[in-house]
Amino acid sequence: MRVIHWLLGRLILLLDWLFTPKSVKRDSSQQSQVDSETTSLVLYQYKACPFCVKVRRAMKRQGLSIQTRDAKRSESARDELVSGGGNLKVPCLKIDQPDGTSSWLYESSEIIAYLNGRFSA
């Protein structure tokens, strides 16, 4: 079963690489503004998780440079996710608020809807 999971994971990553979406084009001042806004976001994910790939592809289409943390390979990222978000479930978007609090958004479709609503070009 491990071999099948490994092969499927590699296949997902290969297809993601082969069919990488194009990023939206913004002028440099707009892109700088978007880049500064994305510093308050962190995506907790697994590299070969299909739902995480879906979110990363949406980020690529929007031209978003959101920091990613691999909760499978990094114990500190896993601990941050569990202590902050409450669940070891990916994908999860951590949204730091201006008042210093953080909200945690699970579910790929909800994360994509949030990103599209906030950064739609």
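Fair warning: this is a prediction, and the values are worked out from it, not measured in the lab.

**Considerations on the packing of aromatic side chains**
For any pair of aromatic rings, the description consists of the separation of the ring centres together with the inter-plane angle of the planes. One pass over the structure, following the stated rule, counts one aromatic pair. Sitting over the ring of Tyr-46, Lys-72 keeps its end group 5.6 Å from the ring centre.

**Observations regarding unusual backbone geometry**
A cis geometry characterises the amide bond from Val-90 onward to Pro-91, with omega recorded as 0 degrees. Considering the arrangement of structural elements, one finds Pro-91 in the loop between α4 (75-85) and β3 (92-96). Of note in this structure, Glu-107 is not a glycine but carries a positive phi near 75 degrees. Checked against the element boundaries, Glu-107 lands in the loop between β4 (102-106) and α5 (108-119).

**Focus: the confidence of the model for the protein chain**
Summarising the model, the protein chain shows a mean pLDDT of 94, and 99% of its residues fall at 70 or more. Here helix α1 (residues 2-18) stands out as the least confident element of the protein chain, with mean pLDDT 89; strand β1 (residues 41-45) is the most confident, with 98.

**What about a positive patch on the surface?**
Judged by side-chain charge, Arg-2, Arg-10, Lys-47 and Lys-72 come together as a positively charged surface patch. Examined against the element boundaries, Arg-10 turns out to sit in helix α1.

**Some points on the pairing of strand β2 (residues 67-70)**
Inspection of the sheet shows β1 paired to β2 by four bridges, in the parallel sense. Within β2, the position partnered with Gln-45 by the bridge is Asp-70. This β-α-β element, β1 to helix α3 (residues 50-62) to β2, shows right-handed connectivity.

**Remarks on the packing of α1 against α3**
With their axes 11 Å apart at the nearest point, α1 and α3 run at an angle of 15 degrees to one another. For the element pair α1 / α3, the angle class is roughly parallel. Relative to α3, α1 is oriented so that their crossing is right-handed. Across the interface between the two elements, Ile-12, Leu-13 and Asp-16 of α1 pack against Pro-50, Val-53, Arg-56 and Arg-57 of α3. Taken together, the residues that form the contact of α1 with α3 break down as four nonpolar, no polar and three charged.

**A short note on the side chain of Gln-31**
By the secondary structure assignment, Gln-31 is in helix α2 (residues 28-37). Setting aside residues no more than four positions away along its own chain, Gln-31 makes contact with Arg-26 and Gly-63.

**Points about the pattern of salt bridges**
As a working rule, side chains carrying opposite charge can pair if their charged atoms are close by. For the structure shown, the criterion picks out six salt bridges. Where Arg-69 meets Glu-80, a salt bridge forms, and the shortest distance between an N and an O atom there is 2.5 Å. In this pair, Arg-69 sits in strand β2 while Glu-80 sits in helix α4, placing the two residues 11 residues apart along the sequence. Residue classification places Glu-80 among the partly exposed positions, given a relative accessible area of 30%. Lys-89 is the salt-bridge partner of Glu-107, the closest N and O atoms lying 2.4 Å from each other. With a gap of 18 residues between them, Glu-107 in the loop between β4 and α5 and Lys-89 in the loop between α4 and β3 connect regions that are remote in the sequence. Overall, Lys-89 belongs to the partly exposed group, its relative accessible area being 37%.

Here is what the cut-offs are and how they apply
Residues numbered from 1 in each chain as written. Predicted model: local features only at pLDDT ≥ 70, side-chain atom pairs only at ≥ 80, totals over all residues. Heavy atoms only, no water. Phe/Tyr/Trp six-rings, centres within 6.5 Å; stacked < 30°, edge-to-face > 60°. Lys NZ or Arg CZ within 6 Å of the ring centre and 35° of its normal. Helix = DSSP H or I, 4+ residues; strand = E, 2+ residues; numbered from the N terminus. pLDDT = per-residue confidence, 0-100. Patch = residues over 30% accessible without salt bridge, like charges linked within 9 Å, V, L, I, M, F, W, Y side chains within 5 Å. Areas by Shrake-Rupley, 256 points an atom, 1.4 Å probe, with all protein chains shown as cover. Salt bridge = Lys/Arg side-chain N within 4 Å of Asp/Glu carboxyl O. Lys, Arg positive; Asp, Glu negative; His and termini not counted. Charge placed at Lys NZ, Arg CZ, Asp CG, Glu CD. Pairing = 2+ DSSP bridges. Right-handed = clockwise from strand over helix to strand, strands pointing away. Axes fitted to C-alpha atoms, helices over the stretch in contact; angles between N-to-C directions. Parallel < 35°, antiparallel > 145°, perpendicular 65-115°, else oblique. Left-handed = near helix turned anticlockwise from the far one by under 90°. Contact = heavy atoms within 4.5 Å. Nonpolar A, V, L, I, M, F, W, Y, C, P; charged D, E, K, R; others polar. Buried < 20%, exposed > 50% of the residue type's maximum accessible area, 1.4 Å probe, protein only.

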